[in-house]
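Inside the fold
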Amino acid sequence: MIAPGRLAELQAREEARFRAEHPRSCELAGRAREHLLAGVPMHWMAKWPGGFPLFVREASGSRFVDVDGREYVDFCLGDTGGMSGHAPAPTLRAIDEQARRGITTMLPGEDALWVGEELARRFRLPKWQFALTATDANRFSIRLARHVSGRPYVLVFNWCYHGTVDETFATLAGGVVGPRRGNLGPPVNPAETTRVVEFNDVEALERELAHGDVALVLTEPALTNIGIVHPEPGFHDALRELTRASGTLLAIDETHTICCGPGGYTAAHGLEPDILTIGKPIAGGVPAAAYGFSAELAERVGAAIELEDVDVGGVGGTLAGNALSLAAMRATLGEVLTEEAFARMIPLAERWTSGVEAGIAEAGLPWHVTRLGCRAEYLFGPDRPRSGSEAHAAGDFALERYMHLHALNRGILLTPFHNMALMSPATTEADVDLHTAVFHDAVIELAAG
Ligand code: PMP
């Protein structure tokens, strides 16, 4: 147990150390406040612990160096956008060669065919489209599902995250759907667009799908954005049966769960979605996303769209499918995020998990650690959550910020807004062992107070 007042005392010590050791980041953060909203190029970056964000000089492989010359092991990896490791050589080569031959033309090139074939092989869905972000891949999937089904609702699981997609910012409280806390300017109350049930709650899923008005269930195969929540045995079978029985499309978002292997959780567990979406790491950090369709759905989509209207249908975008993204995807999928890479990355996450488990046990804290492929995370509760709500209840913002800052001050970056670590093909056992040692010191000191 952590004694009252202990956390605040340690937090003050770590903040002072952070400020003293990062004078250049501090100076840049001060300047940034003049012309960047909240002093950052993207609002979320204001949430990093320490009073101001680190400014990065360069990143390579599993590490980055800040503007004060300090080096870090990066387990955040751009919250999965850098899961390939930073600046992987094959992707860099492809970017360089393609950039010299033209970045965007609104015409297809041969790389699109290679990538489509590779995605079909990995995820077992035959037809693909491209977008720039996973958010867009999800938004476009929702639109197409509504269009072909003529149904108004989307169903998501409580505390899901699928990007900045209006329909998904809905939470369930006391059985009532409403806007998620912090949702800025929702166009309508999401209760008008979205049905929400708890992950692993088959009964509620059946009840909500029985309305017959849900176009699409959109879910990660295991939740990764509210801590890791694993599906219980039989959950995916029930989800597939119930969606088929109610004429509802099933979209699986593999943006994070690609950590389970080259074909994500879907290939690893034989799932059969109608749509699969993925973004973030598939082009080595270059903006790129993809969404794939079953043969049957592809046919329905084709039949439901007028050629004359394809450019104003609310799906796609000028830069989607651009030559640079596709060249980067080809190199990253073909040479970086390969079968062999996952065979190295997953044991590293097992090693990270064992290290954290040992630290928790020695400190006697009521926490636990869980792993999904090459991703792992600790939660501030004793038991594995069954649902997003249970995982949310184990959250502790102040404690999380402290653990992040403590790690950062000792050369380790964790994924923000979680206690999550991701392994890249460039991550080493020494990187993992550094985390184990730092985590051990953090929890022993916390518990000692
Ligand atoms: N889907 C999932 C499962 C995600 O975790 C995220 C981002 N964390 C997204 C989609 C959205 O990705 P992006 O912000 O790159 O559009």
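Up top is the structure these notes are about.
Residues numbered from 1 in each chain as written. Predicted model: local features only at pLDDT ≥ 70, side-chain atom pairs only at ≥ 80, totals over all residues.

Within the chain one finds 14 helices and 16 strands. Here the C-alpha atoms of the chain give a radius of gyration of 22 Å, agreeing with the 22 Å that 2.2 N^0.38 yields for 449 residues. Summarising its shape, the C-alpha atoms of the chain cover approximately 65 × 55 × 45 Å along the three principal directions. For the chain, the residues scored as buried account for 49% of the 449 residues in total. For the chain, long-range pairs separated by at least 24 residues make up 72% of all intrachain contacts whose partners lie at least 6 apart in sequence. (Helix = DSSP H or I, 4+ residues; strand = E, 2+ residues; numbered from the N terminus. Rg over C-alpha atoms; globule rule 2.2 N^0.38 Å. Buried ≥ 20, exposed ≤ 12 C-beta atoms within 10 Å, placed from the backbone. Contact = placed C-beta atoms within 7 Å.)

Moving on: the environment of Gly 163. Relative to the helices and strands, Gly 163 resides in the loop between strand 5 (153-157) and strand 6 (170-173). Through-space distance from the C-alpha of Gly 163 to that of Asp 136 is 8.2 Å; in sequence the pair is 27 residues apart.

Between its terminal C-alpha atoms helix 4 (residues 110-123) stretches 20 Å, which fits the 20 Å expected from 14 residues at 1.5 Å a residue. Listing the buried residues of helix 4 in full gives Asp 111, Ala 112, Val 115, Leu 119, Arg 122 and Phe 123. One side of helix 4 holds all its buried residues, which, seen down the axis, span an arc of 100°. Across from the buried face of helix 4, at angles greater than 90 degrees, the exposed residues are Glu 110, Leu 113, Glu 117 and Arg 121. Each element contacted by the buried residues of helix 4 is listed here: strand 4 (127-131), helix 8 (264-269), strand 11 (275-278), strand 12 (289-293) and helix 10 (323-336). (Expected span 1.5 Å × (residues − 1). Arc of directions from axis to C-beta.)

Once that is clear, we can look at the pairing of strand 3 (residues 71-74). Pairing of strand 2 (residues 63-66) with strand 3, which is carried by three bridges, proceeds in the antiparallel orientation. Pairing of Arg 63 across the sheet is with Val 73, part of strand 3. Strand direction decides the pairing type here: strand 3 and strand 15 (residues 412-413), joined by two bridges, are parallel. In the strand pairing of strand 15, Asp 74 is matched with Leu 413. (Pairing = 2+ DSSP bridges.)

With that out of the way, let us pick up the sheet that holds strand 14 (residues 375-379). Spatially, the three strands line up as an open sheet ordered 13-14-16, and their pairing is antiparallel. At either end of the open sheet lies a strand with only one pairing partner, and these are strand 13 (368-372) and strand 16 (420-422). Here the average twist between neighbouring strands, direction ignored, is 15°. As paired strands, strand 14 and strand 16 are joined by three bridges and run antiparallel to one another. Paired with Ala 376 across the bridge in strand 16 is Ala 421. Sitting on the sheet, helix 11 (residues 339-363) touches strand 13, strand 14 and strand 16, and the angle it makes with strand 13 is about 175°. (Axes fitted to C-alpha atoms, helices over the stretch in contact; angles between N-to-C directions.)

By themselves, these are just geometric observations and shouldn't be taken as functional.
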